[in-house]
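Reading the structure
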Amino acid sequence: MEITFLGVGEACDCSYPNTSILLKSDIGRSFLLDCGFTVPHEYFRFCTDPDELDALWISHFHGDHFFGVPLLLLRFWEMGRIKPLQIIGQFCVENKIQAVMDLAYPNFGKKLQYDLEFVNIDFGESLVVSDLGLRTAEISHSQPCLALRLDEGEKSLFYSGDGRPTAATLELAHGCNLVIHEAFKLSDEVPGHGSVRGCLDFCRRAHAYRLALVHLNRQVRREEIDQIRVMIDTASGLDAFLPEPGDVVKL
Ligand SMILES: [Zn+2]
Ligand SMILES: [Zn+2]
């Protein structure tokens, strides 16, 4: 499993693109986890084959997690994509994607020469997509958000989307090889958001020892980075890090 951090930023960060993860499975399937405002430009820096992406995961319906979809689909059309694209998310995912497409490029959806295959998944459900096992749990956020666990053989990845850990996400992340978690602040002062301190504790309790902290508040990243580095460098028993856009991790 190969994981590329296309973006690691929060919605308003001018320096860091919106958090989005490109995952390639061992059998060569390609998944994009979230597609916010800034993500298509990052994705197409890497993409030369319009049919490469197999599936798109949308954790929740805030703009920094799905407002990039119209541009992604438009650019695939322009590049001559023919392969169907799976779009996986909460029960309303099809309506949301069609609505955002209609606003961004009215009537354009009808021109797509490739199919969109919408797959619904609810909190606590599981399914198999292209030999990857997907399981979800609800994380605590200002709108319903799916935390995701992906399993391929012995390898496992947890991606929080946005939010603060819950009992359900703790169980979901148990023993994962890599946890990618939203950490908006240093400590848990903002309801519905994760924190650096909270994520370190979460990983210890989940027995998941490798932690990528993403979606940091831009001001926190700018002004409290030294403190964050001390916290993660001294987190005993954990390999916690702050990925940069373009970084690749192999599991
Ligand atoms: Zn967000
Ligand atoms: Zn959000």
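One structure accompanies this document, and this report is about it. (Residues numbered from 1 in each chain as written. Chains lettered and ligands numbered in written order. Predicted model: local features only at pLDDT ≥ 70, side-chain atom pairs only at ≥ 80, totals over all residues.)

1. Topic: the nonpolar core
In this structure, Ile21, Leu32, Leu56, Trp57, Phe158, Val179 and Leu213 are the most contacted members of the largest nonpolar core, which totals 66 residues. Top contributing element to this core by residue count: helix α6 (residues 196-206), with six residues. Leaving out residues up to four positions away in the same chain, Trp57 has contacts with Phe31, Leu32, Leu33, Asp34, Ile88, Gly89 and Leu148. (Core = buried A, V, L, I, M, F, W, Y, C linked by C-beta atoms within 7 Å. Buried ≥ 20, exposed ≤ 12 C-beta atoms within 10 Å, placed from the backbone. Helix = DSSP H or I, 4+ residues; strand = E, 2+ residues; numbered from the N terminus. Contact = placed C-beta atoms within 7 Å.)

2. Describing the pairing of strand β3 (residues 30-33)
In terms of strand pairing, strand β2 (residues 20-24) meets β3 through four bridges, oriented antiparallel. Each residue of the ladder has a partner; that of Leu22, found in β3, is Leu32. The antiparallel pairing of β2 with β3 creates a hairpin that spans five residues between the two strands, and Gly28 there sits at a positive phi of about 90°. Two elements, β3 and strand β4 (residues 55-57), share three bridges in a ladder whose sense is parallel. Counterpart to Phe31 in the pairing with β4 is Ala55. Crossover connection from β3 via helix α1 (residues 39-46) to parallel β4: handedness right-handed. (Pairing = 2+ DSSP bridges. Right-handed = clockwise from strand over helix to strand, strands pointing away.)

3. Some points on the sheet that holds strand β9 (residues 145-152)
Strand order in the open sheet made by the seven strands is β7-β8-β9-β10-β11-β12-β13, with mixed pairing throughout. Because the sheet does not close on itself, it has two edges, and the strands there are β7 (126-129) and β13 (239-241). For this sheet, the mean angle separating the axes of adjacent strands, direction not counted, is 20°. The sheet contact formed by β7 and strand β8 (residues 132-139) spans four bridges and is antiparallel. Counted as the bridge partner of Val129 is Leu132 from β8. (Axes fitted to C-alpha atoms, helices over the stretch in contact; angles between N-to-C directions.)

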